[in-house]
Each structure stands twice: as structure tokens, then as C-alpha cells.
Amino acid sequence: MTEVMIPRLCVIGVGLIGGSLARALKRSGAVGEVVGSGRCENNLRKALELGVVDRYETRLAAAVTGADVVLVAVPLGAIGAIFQSIAAALPDQAVLTDVGSSKGSVIADAIQAFGHLPPSFVPGHPIAGTERSGVEASFAELFQKRRVILTPLLETDPAAHNLIR
């Protein structure tokens, strides 16, 4: 078992990608608590039943409170609203990452929500997926032998980049 590197992970959007990453990190022992959040409480309850998350919060600000890493795994068009909702509550030390497929719009959304690019922001894009969706489709092996493209910015803290890598 690996040393816990992420004491508290918040996954916003516990579907195929977010759920699979949570499962993989739990399996490897690299994460302590996983807090799920999203727009559908039924999906969050299912994630809890399946052991993908340890607890969930329907209020985004409450979900990110105390988080060490926040993963935003929602459709590209929803990322801006998510960033707006968490901006005031995101802990200063929390590393923020996403799985959006387009970095330009995600970076613009971050600047708009935070007023600048947070040094703890590490944009990312996993090259993984299946034809299925939802937390029931998630599995710990989704990222094995797959690439995840990280696009740290000049503003990105190297320690944040290393943690996400």
C-alpha cells in the first residue's frame, strides 16, 4: 500500500471519469477520504453505496471545504459555473484540477471565477473513457496504460503539478 498523498479528495462530478479516478486512488491507498459532489443526489447516493465516495455533499462550497485536492469532472460547459460556486470556499492550500477536453475555455473560466489563475490549478485531460457513463460505469483500471495530459501554466506551483502527476 502507498503512503496517503491526498488526505481529502473532493470529486465534483462522480461519473465515469471522476468515479474511476476515485476508485483507482482508493485502491492504491493514495487517498484518505473521498467526498463526492454533483447535481444529482441519486447519483451521489449510488456512489456512496458502491464505495466510490466516503460521503457526499450537494452544496459545492461545503464539498470543497477542507479538501486537499479538488477534481472537477463535469462536462466542459459546466466548469465555469462550478469554479464560480467554489471560488470563495476553496481552501488556499487545495490543489485544483479538471478533466475537461479543452484547456482554453477551462483556463478562461478559472480566470473569470478566481480573478486570476490560482497557483494550485493544474489543468488536465485524461485520454481515457468508454461508451458508458455514470458512476456505475466507473472502474479503477480505466486509466491503466492510458495517457493523462497535464498542462501546467507558468503560474502553476511545481508542488501542485507534482502531486497531480
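Residues numbered from 1 in each chain as written. Predicted model: local features only at pLDDT ≥ 70, side-chain atom pairs only at ≥ 80, totals over all residues. Heavy atoms only, no water.

**Notes on the sheet that holds strand E6 (residues 121-122)**
Neighbouring strands of a sheet are bound in pairs by backbone hydrogen bonds; such pairs are parallel or else antiparallel. Threshold: Between any two strands, at least two bridges found by DSSP are needed for them to pair. Secondary structure elements follow DSSP: runs of H or I of four or more residues count as helices, runs of E of two or more count as strands, with numbering from the N terminus.
Spatially, six strands are ordered E3-E2-E1-E4-E5-E6 in an open sheet, and the strand pairing comes out parallel. On the outer flanks of this sheet lie strand E3 (55-57) and E6, each paired with one strand and no other. Bridge count between strand E5 (residues 95-98) and E6: two bridges; the pairing is parallel. Bridging across to E6, Thr-97 finds its partner in Val-122.

**So, the packing of aromatic side chains**
Stated formally: Geometry of aromatic contacts follows a simple scheme: Phe, Tyr and Trp rings, the Trp one being its six-membered ring, pair when their centres are within 6.5 Å, and the pair is stacked under 30 degrees between planes, edge-to-face over 60, tilted otherwise. When accessible area is computed with a 1.4 Å probe and restricted to protein chains, residues below 20% of their type maximum are described as buried, those above 50% as exposed, and intermediate ones as partly exposed.
Counted by the stated rule, this structure contains two aromatic pairs. Ring geometry for Phe-83 and Phe-114: centres 5.8 Å apart, planes at 55°, overall tilted. With Phe-83 in helix H4 (residues 79-86) and Phe-114 in helix H5 (residues 103-114), this residue pair connects regions lying 31 residues apart in the sequence. An identical accessibility class is assigned to Phe-83 and Phe-114; each is buried. Both rings, one in Phe-83 and one in Phe-121, keep their centres 5.8 Å apart while their planes meet at 85°; by these two values the pair is edge-to-face. With Phe-83 in helix H4 and Phe-121 in strand E6, this residue pair connects regions lying 38 residues apart in the sequence. There is no split in this pair, since Phe-83 and Phe-121 are both buried.

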